[in-house]
Amino acid sequence: MKIEDVIKTKITLENETRIILNVLYTQSVLTENMNEILKPYEISGEQYNVLRILRGQKGCPANMCMIQERMLAKTSNTTRLVDKLLIKKLVTRNVCPANRRKIEVLITQKGLDILNELAPKILEHEQSFSKNLSAEELENLNYLLEKYRN
């Protein structure tokens, strides 16, 4: 469906406007679908992102600054996200013994279990959006989005 049909306009949009609207609308659709997957686990997309970052640490602690740098949504309040995950017992938080001003965060087994349970659902989600594109088109889309963003 063309973006003009989505926003119900009869005006011919410039390509520069169309690409912004297409990207924003696509992000909205992806986010809505992702939220439906995460809803039964009572975690947000941002909390899921933090859990994935922590899993990538392979048992090594991460500090708040490092988590923030790796977040997809740079505006996220990392401390608040970690606090919510702490309440759910998906992460632990400790003061760094070498630098008492630094907080170290680790994913718990419960957090790892949720990620493992989510893995096939997330893969299905990703594949459902990619099914209409060939491997070459997917590669081109990634290339073009990265080029556009940079």
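Before reading further, recall that the structure is shown in the block above.
Rules and cut-offs
- Residues numbered from 1 in each chain as written.
- Predicted model: local features only at pLDDT ≥ 70, side-chain atom pairs only at ≥ 80, totals over all residues.
- Heavy atoms only, no water.
- Helix = DSSP H or I, 4+ residues; strand = E, 2+ residues; numbered from the N terminus.
- Buried < 20%, exposed > 50% of the residue type's maximum accessible area, 1.4 Å probe, protein only.
- Contact = heavy atoms within 4.5 Å.
- Areas by Shrake-Rupley, 256 points an atom, 1.4 Å probe, with all protein chains shown as cover.
- Lys, Arg positive; Asp, Glu negative; His and termini not counted.
- Charge placed at Lys NZ, Arg CZ, Asp CG, Glu CD.
- Salt bridge = Lys/Arg side-chain N within 4 Å of Asp/Glu carboxyl O.
- Expected span 1.5 Å × (residues − 1).
- Bend = angle between axes of the 7 residues up to and from the residue.

A. Quick look at the overall build of the chain. Helix and strand counts for the chain come out as seven helices and three strands. For the chain, the α and β elements follow one another from N to C terminus as α-α-α-β-α-α-β-β-α-α. Each of the three principal axes of the chain carries a C-alpha extent, and together these read 60 × 30 × 30 Å. Considering the chain as a whole, with its 150 residues, one finds that 25% of them fall into the buried category. Taking as baseline every contact in the chain between residues at least 6 positions apart, the subset at least 24 positions apart corresponds to 46%. Summed over its atoms, the accessible surface of the chain is roughly 10900 Å², and 54% of this surface lies on carbon and sulfur atoms. Across the chain, the centroid of the 23 positively charged side chains sits 8 Å from that of the 19 negatively charged ones.

B. Expanded view of the pattern of salt bridges. Overall, the coordinates contain two salt bridges when judged by the stated rule. Arg18 serves as the salt-bridge partner of Glu4, at 2.8 Å between the closest nitrogen and oxygen. A residue pair is termed long-range when its members are at least 10 positions apart, and Glu4 in helix α1 (residues 3-6) and Arg18 in helix α2 (residues 15-38) qualify at 14 residues. On the basis of relative accessible area, Arg18 is assigned to the partly exposed category, the value being 22%. Across the salt bridge formed by Arg93 and Asp83, the nearest N and O atoms sit 2.2 Å from each other. You can see Arg93 sitting in strand β2 (residues 91-95) and its partner Asp83 sitting in helix α5 (residues 78-87), a full 10 residues away along the chain. Taking relative accessible area as the criterion, Asp83 reaches 28% and is therefore assigned partly exposed.

C. How the structure looks around the environment of Arg18. Distance from Arg18 to Glu124, taken between C-alpha atoms, is 28 Å for residues 106 residues apart in sequence. Ignoring any residue separated from it by four or fewer positions in sequence, one finds Arg18 in contact with Lys2, Ile3, Glu4 and Leu13.

D. Just helix α6 (residues 109-130), in detail. An ideal rise of 1.5 Å per residue puts 32 Å on 22 residues; α6 measures up with 31 Å between its terminal C-alpha atoms. The largest bend in α6 amounts to roughly 40° and is located at Ala119, with the proline Pro120 lying one to four residues further along. Buried within α6 we find Gly111, Ile114, Leu115, Leu118, Ile122 and His125. Those residues of α6 hidden inside the fold are in contact with α2, α3 (45-55) and β3 (103-107).

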